[in-house]
Amino acid sequence: MVKATVEQLCKQHTNLTDEDIHILQEMALSLQTYADLSGAYMFIDCKLKPANQAIVVAEAFPPGCTPVYDNSVVGKVVFESFEPGVFYSYWNGKKSIIRHAVTQEGKVVDQTVVPIKNTCHQVIGVLIQEKEVVPPLTDQQLPNFSVVTESAEDQMTNSGLGVVSDLLMEMLILTDSSNRLVYANPSGLKLISEMSGSDDIMNRDLLEMLPFLKKVYEQKDDVFVFEMTIERKSLIVKKIKMREKNNSQETLLIIQDITELRTKEKELMMKSVVIKEIHHRVKNNLQTVASLLRLQMRNGVPTEGRAAFEETLNRIYSISSVYEIILAKEHADDDDVNIINLTRKICSTMVLNELNLKVDLIIEPNGNKIVTTSKKAVSIALIINELIQNSLKHAFIGREHGVIDVEFKVDNEFVELHVSDNGVGMKKPQTSLGTEIIHNLVINDLNGEFLYVPREIGTHAVIVFPVGAEVEIFDEKTDCHSGR
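Residues numbered from 1 in each chain as written. Predicted model: local features only at pLDDT ≥ 70, side-chain atom pairs only at ≥ 80, totals over all residues. Heavy atoms only, no water.

Engineer: Could you give an account of the nonpolar core, naming the residues involved and the relevant values?
Structural biologist: Core analysis: the biggest nonpolar cluster contains 50 residues, and V322, L342, I370, I383 and I463 have the highest contact counts within it. Take this core: its biggest share by element is ten residues, from helix α13 (residues 374–394). Setting aside residues no more than four positions away along its own chain, I370 makes contact with V337, N338, I339, I340, F408, V410, V415, V471, E472 and I473. One finds L24, V56, V73 and F87 within the second-largest nonpolar core, a separate group that totals 35 residues. (Core = buried A, V, L, I, M, F, W, Y, C linked by side-chain atoms within 4.5 Å. Buried < 20%, exposed > 50% of the residue type's maximum accessible area, 1.4 Å probe, protein only. Helix = DSSP H or I, 4+ residues; strand = E, 2+ residues; numbered from the N terminus. Contact = heavy atoms within 4.5 Å.)

Engineer: Outline the environment of F309, listing residues and values.
Structural biologist: Of note, F309 is situated in helix α11 (residues 303–327). Note: C-alpha distance between F309 and L293 (16 residues apart in sequence) is 7.1 Å. Beyond its immediate sequence surroundings of up to four residues, F309 is in contact with L293, Q296, M297 and V301.

Engineer: Describe helix α7 (residues 186–196), naming the residues involved and giving the relevant values.
Structural biologist: Of the residues making up α7, those classed as buried are G188, L191, I192, S193 and M195. G197, located one to two residues past α7, shows a positive phi value of around 75°.

Engineer: Go over the side chain of S96, please, and point to the residues and values.
Structural biologist: Relative to the helices and strands, S96 is located in strand β4 (residues 96–102). Sequence-distant contacts of S96, defined by excluding residues within four places in its chain, comprise G85, Y88, S89, Q111, T112 and V113.

Engineer: Describe in detail unusual backbone geometry, supporting the description with residues and values.
Structural biologist: The backbone of N203 shows a phi angle near 65°, a positive value even though the residue is not glycine. Within the fold, N203 resides in the loop between α7 and α8 (206–209). Despite not being glycine, N366 shows a phi value in the positive range, around 55°. If you trace the backbone, N366 turns up in the loop between β13 (358–364) and β14 (368–372).

Engineer: Help me get a handle on the packing of helix α10 (residues 259–298) against α11, residues and values and all.
Structural biologist: At their nearest, the axes of α10 and α11 sit 9 Å apart, and the two run at 160° to each other. Here α10 lies roughly antiparallel to α11, going by the angle between them. Read as a crossing pair, α10 and α11 show a hand that is left-handed. In the contact of α10 with α11, the residues fall into 14 nonpolar, six polar and six charged. (Axes fitted to C-alpha atoms, helices over the stretch in contact; angles between N-to-C directions. Parallel < 35°, antiparallel > 145°, perpendicular 65-115°, else oblique. Left-handed = near helix turned anticlockwise from the far one by under 90°. Nonpolar A, V, L, I, M, F, W, Y, C, P; charged D, E, K, R; others polar.)

Engineer: Break down the packing of aromatic side chains for me, citing the residues and quoting the values.
Structural biologist: Within a pair of aromatic rings, the relevant descriptors are the distance that separates the centres and the angle that separates the planes. Applying the stated criterion across every chain, the model contains six aromatic pairs. Ring centres of Y41 and F43 lie 6.3 Å apart, and the angle between their planes is 20°; on these two criteria the pair is classed as stacked. Residues Y41 and F43 agree in their burial class; the two are buried. An aromatic cluster is present here, built from Y41, F43 and F61 joined pairwise through their rings. (Phe/Tyr/Trp six-rings, centres within 6.5 Å; stacked < 30°, edge-to-face > 60°.)

Engineer: Summarise the sheet that holds strand β18 (residues 460–466); cite the residues concerned and give the values.
Structural biologist: The sheet built from five strands is open, its strands ordered β13-β15-β16-β18-β17 with mixed pairing. Pairing within the sheet leaves two strands with one partner each, and these edge strands are β13 and β17 (449–452). Taken over all neighbouring pairs, the strand axes of this sheet differ in orientation by 15° on average, direction set aside. Of the strand pairs in this sheet, strand β15 (residues 401–410) and strand β16 (residues 414–421) are connected by seven bridges, and their pairing is antiparallel. Residue pairing in the sheet places V406 in a bridge with V419 of β16. In the packing of α13 onto the sheet, the strands contacted are β13, β15, β16, β17 and β18, and the crossing angle to β15 comes to about 150°. In this fold helix α14 (residues 433–445) packs onto β17 and β18, with an angle of close to 145° to the strand it touches most, β17. (Pairing = 2+ DSSP bridges.)

Engineer: So what's going on with the pattern of salt bridges? Residues and values would help.
Structural biologist: For the structure shown, the criterion picks out 13 salt bridges. For R262, the salt bridge identified is with E227, shortest N-O distance 2.7 Å. Residue R262 is found in helix α10, and its partner E227 is found in strand β9 (residues 223–230); the two are separated by 35 residues along the sequence. Residue class for E227 comes out partly exposed when judged on its relative accessible area of 41%. Between K264 and E260 there is a salt bridge, with its nearest N and O atoms 3.5 Å apart. One end of the pair, K264, and the other, E260, are both in helix α10, four residues apart, so they sit about a helical turn from each other. E260 sits in the exposed class, given a relative accessible area of 56%. Here the salt bridges do not stand alone but share partners, grouping E311, R315, E386 and K393 into one network. (Salt bridge = Lys/Arg side-chain N within 4 Å of Asp/Glu carboxyl O.)

Engineer: I'd like to hear about the environment of M1, residue by residue, with values.
Structural biologist: Secondary-structure assignment places M1 in the segment before α1 (2–13). For the pair formed by M1 and L29, sequence separation is 28 residues and the distance between their alpha carbons is 9.8 Å.

Engineer: Tell me about the pairing of strand β1 (residues 41–47), residues and numbers included.
Structural biologist: Burial within β1 is extensive, with six of its seven residues counted as buried. Where β1 lies against strand β6 (residues 123–132), five bridges are found, and the strand directions are antiparallel. Across the sheet, residue M42 finds its bridge partner in β6, namely Q129. Here β1 runs beside strand β2 (residues 53–60); their pairing, made up of six bridges, is antiparallel. Bridge pairing links F43 to E59 in β2.

Engineer: Kindly report on the sheet that holds strand β19 (residues 471–475), identifying the contributing residues and their values.
Structural biologist: With antiparallel pairing, the three strands of this open sheet are ordered in space as β12-β14-β19. Only two strands of the sheet have a single partner each, and these edge strands are β12 (337–338) and β19. The pairing of β14 with β19 spans five bridges and is classified as antiparallel. Across the sheet, residue V371 finds its bridge partner in β19, namely E472. Along the sheet face, α13 touches β12, β14 and β19 and points at about 115° away from the line of β14.

Listed below in structure tokens is the structure:
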């Protein structure tokens, strides 16, 4: 039952792989043992697809303890605003300890959070231990936000919270058990006045003044976060029910205006759409130029000029391949390119263009997945194209079959691209337009080095360039960052 619940929640709400889910299932089976040994509540949380939320996928309660939670919390959404320790462990992959944390049911606990990692050392969930804190009461101690001895507004002022709240950009609004407004900081007062059209707002029913908050108050959870858009304002409303002896007394609203943030997000989204449209146009323009060249070739090109046309076509196709890979991606703002896939695409096109020669093109990634920006990818595409074209043009003269090997080697600092063939070889490197293009791109765009390695059979060219900030190396099978 426990394993089935973990699997169902993870597959429905997260992007975790089957292998990751299996790790969480095995840990969930041991959760009760942890609870028995520690005498604490134990939970496993997994991050939801939205980056600022998580979900409880497993829980275990210690026997014989006073319940901290009234009901099971499996399947309950956890918000980053109320669980900073959980998300700290997610983002940093480190243990988090928070003393006197407040749960989403208003209980005070000591909380310890430990990240759960997969075989690639990626955080896939967090293990949470919570123990309730029950401090001894003295005659001088009074419950926070109590309405028994003084007004809530007086408490805010007397405790010093009023001074702090005046400095906050967030809007603080406090209502009593009848939803009448008893306190609001300056930002909160301004919001209520603007949206209700009245300055006489104290001790009035907040829901009559701001009807859109009814859906927030109707939520039964003691802690609830809701995002809404009202009159072109985007707001995040956090509701906290203040309890005294388990009786609902007051409700605190913390409202954050995120209109500017949402506006910027829309602008970024529009920019992403524009960038994708530009990629489309560049690809289409390249295809138009290629079509014009092919049309010219069909209408008659001198024999001595045909090779130049084919070389130009291959250069255009190699650049176009970069944009085809980018446009095939799901996210419009992701313009990174997998160099191994790019090489395969270029090689496939080159073979199709050489109809009179059968060539076995072998690509050896050596378990690497090399990802770089579109700008660098265009340079690498042209370099690979030129090296393969040189082999096709010069290595197999008088032959009907040949082998070209493209190999990628990686260490901590450099990427090596090896292109070799089993052709006739060359006594000394020849200067040509192709080699000039390679030299310029390697030196100016990749900050690397280009050289030929002597060998008995065929030709062996090597390109070496630093990994740098624009190049990332992953393990091809697991898609994890390479540890080399």
